[in-house]
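# Close look at the chain arrangement
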Amino acid sequence: MTGSLWPMMMPLAEADDDSICVVGAEGHRVRYADGNEVLCGTSGLWNANLGYGNEAVARAVAEALRTHSYAGVFRYENGPARKAAGELLAAHPHDFARVVFSVSGGSANDLVMKLARQYHELGGEGGRKLVVGLKDGYHGLTFGAHALTGEDLGQRAYGVDTRLVRHLPANDEAALDKLFATLGRQIAAVVVEPVLGNGAVELSASFLARLGTLAEESGALLVADEVATGFGRTGEMFASGTWGRPPDVVLVSKGLTNGTMAASALLVNSRIADRFSSTGALLLHGETQGGTAVTAAAVSATLAEFERLKAVESGRAVAAALDTALADWQRTDARVRGFRGRGCFRAVELADPREPGAPLDPRQVPALIRHIRRAGAAVHGGPHGIQLIPALTYSAAEVGELLAAVRAGVDAHTGAAAA
């Protein structure tokens with residue numbers, strides 16, 4: 001019923017718009033209530049890495065609903081969750097010991113903050129309470145994750161408690177050294193996205209190496225938030241799989257079920273698991289829908305489809321086509337100030353059509369996105385431009401179609417701004 005839904009992350013005054021109300025999705029295309037059908041350049045919300053309507057995932061979920069209905073992991077276990085946990089551990093190239101299921105990236109970040117602090121408490125270092133994130137990093141909007149998120153998203157207005165959180169600039173090794181020199185024995189964990197979701201800023205190999213060394217020397221836990229980058233998004237199954245010093249914890253969500261379920265998970269190494277096991281400590285975290293049999297069935301089916309479709313390899317081919325298309329666009333269009341990111345996770349910075357030489361005013365981004373959607377593609381906004389997050393299963397023709405629609409939308413926006 002129109003007039004009843006309160007959508008997330010948009011002004012309520014802009015609700016009830018048929019041009020953004022999805023009525024169907026299949027493959028890489030989305031249909032809206034106004035009759036428009038477009039190519040999806042967002043993978044939903046970094047979720048549907050294999051495209052929409054995957055039959056294998058749908059069948060697995062339907063079967064679990066019939067055979068288990070509800071079976072969770074709150075003081076119980078269930079067979080599908082055990083199976084999915086083992087498969088997740090096998091999918092990451094580094095060694096992890098246990099999987100803790102949760103329901104979202106935000107709640108998983110809440111959980112990792114508690115896990116890290118309790119881990120140090122059990123080791124006799126109760127003074128380690130600080131959790132460190134990166135400026136402009138995004139970890140969710142649940143209360144703990146909202147504090148860890150490094151963007152200004154109303155933390156002060158909402159009374160979010162940031163007293164035990166610190167932020168430092170991405171790829172700033174001097175700031176990293178200073179933080180650890182000053183507060184190293186108080187740091188419980190450092191949580192970083194391998195590629196920042198806000199603007200697709202990739203962490204440098206040098207910064208990651210220094211971070212790994214400092215975490216090892218100080219005893220702080222190193223956490224990879226792979227909510228957005230996991231499951232082939234950056235060219236590897238997990239971006240943290242290439243880290244020289246493995247993370248102690250990896251967070252996954254979004255692509256975990258190909259975007260079909262409210263699901264997330266923590267992959268935890270043996271050092272952490274053994275401390276909880278040997279002390280008999282209880283990790284005080286419980287969620288009714290975390291690790292249900294239905295969710296776990298979707299996880300297992302998604303992992304199997306990654307193998308069957310050779311999705312990581314396919315994503316690399318899509319990324320190579322994106323490289324070529326973006327380089328051609330920048331070479332032939334002065335409005336493209338640059339692009340960032342890796343794999344199928346890109347951001348394009350554009351010039352402001354009203355102020356030559358200046359980056360696009362963020363207030364113009366919503367209008368730009370509307371022009372691109374009318375031209376045939378759905379994209380999300382980024383700092384001073386847009387983000388391109390195609391499914392790993394795009395064809396080369398669809399990469400061309402995406403860039404053609406984006407360029408047409410930018411042309412339309414430029415024309416409207418000039419008028």
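Analysis parameters
Residues numbered from 1 in each chain as written. Predicted model: local features only at pLDDT ≥ 70, side-chain atom pairs only at ≥ 80, totals over all residues. Heavy atoms only, no water. Pairing = 2+ DSSP bridges. Helix = DSSP H or I, 4+ residues; strand = E, 2+ residues; numbered from the N terminus. Axes fitted to C-alpha atoms, helices over the stretch in contact; angles between N-to-C directions. Contact = heavy atoms within 4.5 Å. Disulfide = S-S within 2.5 Å. Buried < 20%, exposed > 50% of the residue type's maximum accessible area, 1.4 Å probe, protein only. Salt bridge = Lys/Arg side-chain N within 4 Å of Asp/Glu carboxyl O. Core = buried A, V, L, I, M, F, W, Y, C linked by side-chain atoms within 4.5 Å. Domains from an automatic or database assignment. Buried area = accessible area lost by both parts, 1.4 Å probe. Polar contact = N/O pair within 3.5 Å; in protein donor to acceptor, adjacent residues only side chain to side chain. Nonpolar A, V, L, I, M, F, W, Y, C, P; charged D, E, K, R; others polar. Phe/Tyr/Trp six-rings, centres within 6.5 Å; stacked < 30°, edge-to-face > 60°. Lys NZ or Arg CZ within 6 Å of the ring centre and 35° of its normal.

## Focus on the sheet that holds strand E12 (residues 264-268)
The seven strands are arranged E4-E12-E11-E10-E7-E5-E6 in an open sheet whose pairing can be described as mixed. Because the sheet does not close on itself, it has two edges, and the strands there are strand E4 (98-102) and strand E6 (165-168). If you compare each strand with its neighbour and ignore which way they point, the axes differ by 20 degrees on average. Bridge analysis of strand E5 (residues 130-134) against strand E7 (residues 187-192) gives three bridges, and the strand direction is parallel. Bridge pairing links Leu130 to Ile187 in E7. Strands E5, E6, E7 and strand E10 (221-225) of the sheet are contacted by helix H7 (residues 205-218), whose axis makes an angle of about 145 degrees with E10.

## Concerning the state of the cysteines
Under the counting rule described, the total for this entry stands at zero disulfides. No disulfide involves Cys40; its nearest neighbouring cysteine sulfur is the one of Cys344, lying 12 Å away. Residue Cys344 is classed as buried on the basis of its relative accessible area of 1%.

## Overview of the pattern of salt bridges
Taken as a whole and assessed by the stated rule, the structure comprises 23 salt bridges. We note a salt bridge from Glu216 to Arg245, for which the minimum N-O separation is 2.9 Å. On the criterion of sequence distance, the pair formed by Glu216 in helix H7 and Arg245 in the loop between E10 and strand E11 (249-252) is long-range, its members being 29 residues apart. For Arg245, a relative accessible area of 17% puts it in the buried group.

## Details of the nonpolar core
The biggest cluster of nonpolar side chains holds 73 residues, and the ones touching the most others in it are Leu88, Phe231, Trp329, Leu388, Leu402 and Val406. Looking at this core, the element that brings in the most residues is helix H10 (residues 311-332), giving seven residues. Composition of this core by domain shows at least three residues from each of domain 1 (12-53 + 310-414) and domain 2 (55-308). Residue contacts for Val406: discarding those within four places in its chain leaves Trp329, Ile372, Val379, Ile386 and Leu388.

## Examining the sheet that holds strand E16 (residues 377-378)
What the four strands build is an open sheet, ordered E1-E2-E3-E16; its pairing is mixed. The sheet is open, and its two borders are formed by strand E1 (22-26) and E16, each paired with just one other strand. Here strand E3 (residues 37-40) runs beside E16; their pairing, made up of two bridges, is parallel. Across the sheet, the residue bridging to Cys40 is Ala378, located in E16. Seen against the sheet, helix H12 (residues 396-418) touches strand E2 (29-32), E3 and E16 and runs at an angle of roughly 115 degrees to E3.

## Quick word on the domain arrangement of the protein
Assigned domains within the protein: domain 1 (12-53 + 310-414) and domain 2 (55-308). Summarising the inter-unit geometry, the C-alpha centres of domain 1 and domain 2 are found 27 Å apart. Counting from both sides, the interface comprises 26 residues of domain 1 and, opposite them, 29 residues of domain 2. Between domain 1 and domain 2 lies a buried interface of about 2200 Å² when both sides are counted; carbon and sulfur atoms form 49% of it. Sorting the residues of domain 1 by area buried against domain 2 places Leu50, Arg342 and Phe345 first, and these three jointly supply 31% of that buried surface. Inspection of the region where domain 1 meets domain 2 yields two salt bridges. Here Glu236 and Arg316 are joined by a salt bridge, their closest N and O atoms 3.2 Å apart. Where domain 1 packs against domain 2, one counts 21 residue pairs in polar contact (both at pLDDT 80 or more). Counting only elements with at least two residues in the side of domain 1 that touches domain 2, the list comes to helix H1 (43-46), H10, strand E13 (336-342) and strand E14 (345-352). Of the residues in the side of domain 1 that touches domain 2, the class split is 13 nonpolar, eight polar and five charged.

## As for the packing of aromatic side chains
Under the definition given, this model contains three aromatic pairs. Judged by centre distance (6.5 Å) and plane angle (70 degrees), the rings of Trp46 and Phe345 are edge-to-face. Placement of Trp46 in helix H1 and of Phe345 in strand E14 is noted, with a sequence separation of 299 residues between them. What makes Trp46 buried here is its relative accessible area of 10%. Each member of the aromatic cluster is reached from another via a ring pair, and the members are Phe231, Phe238 and Phe306. The aromatic ring of Tyr119 is capped on one face by Arg275, whose charged end is 4.0 Å from the ring centroid.

## Some remarks on the environment of Gly154
Positionally, Gly154 belongs in the loop between helix H5 (143-148) and E6. Relative accessible area serves as the criterion here: at 22%, Gly154 is assigned to the partly exposed category. For the pair Gly154 and Gly79, spaced 75 residues apart in sequence, the C-alpha to C-alpha distance is 41 Å.

## Overview of the environment of Ile372
You can see Ile372 is positioned in helix H11 (residues 365-375). Residue Ile372 is classed as buried on the basis of its relative accessible area of 0%. Counting along the chain gives 363 residues from Ile372 to Met9, while the straight-line C-alpha distance between them is 20 Å. Those residues in contact with Ile372 that lie beyond four places of it in its chain are Ala377, Val379, Ile386, Ala405, Val406, Gly409 and Val410.

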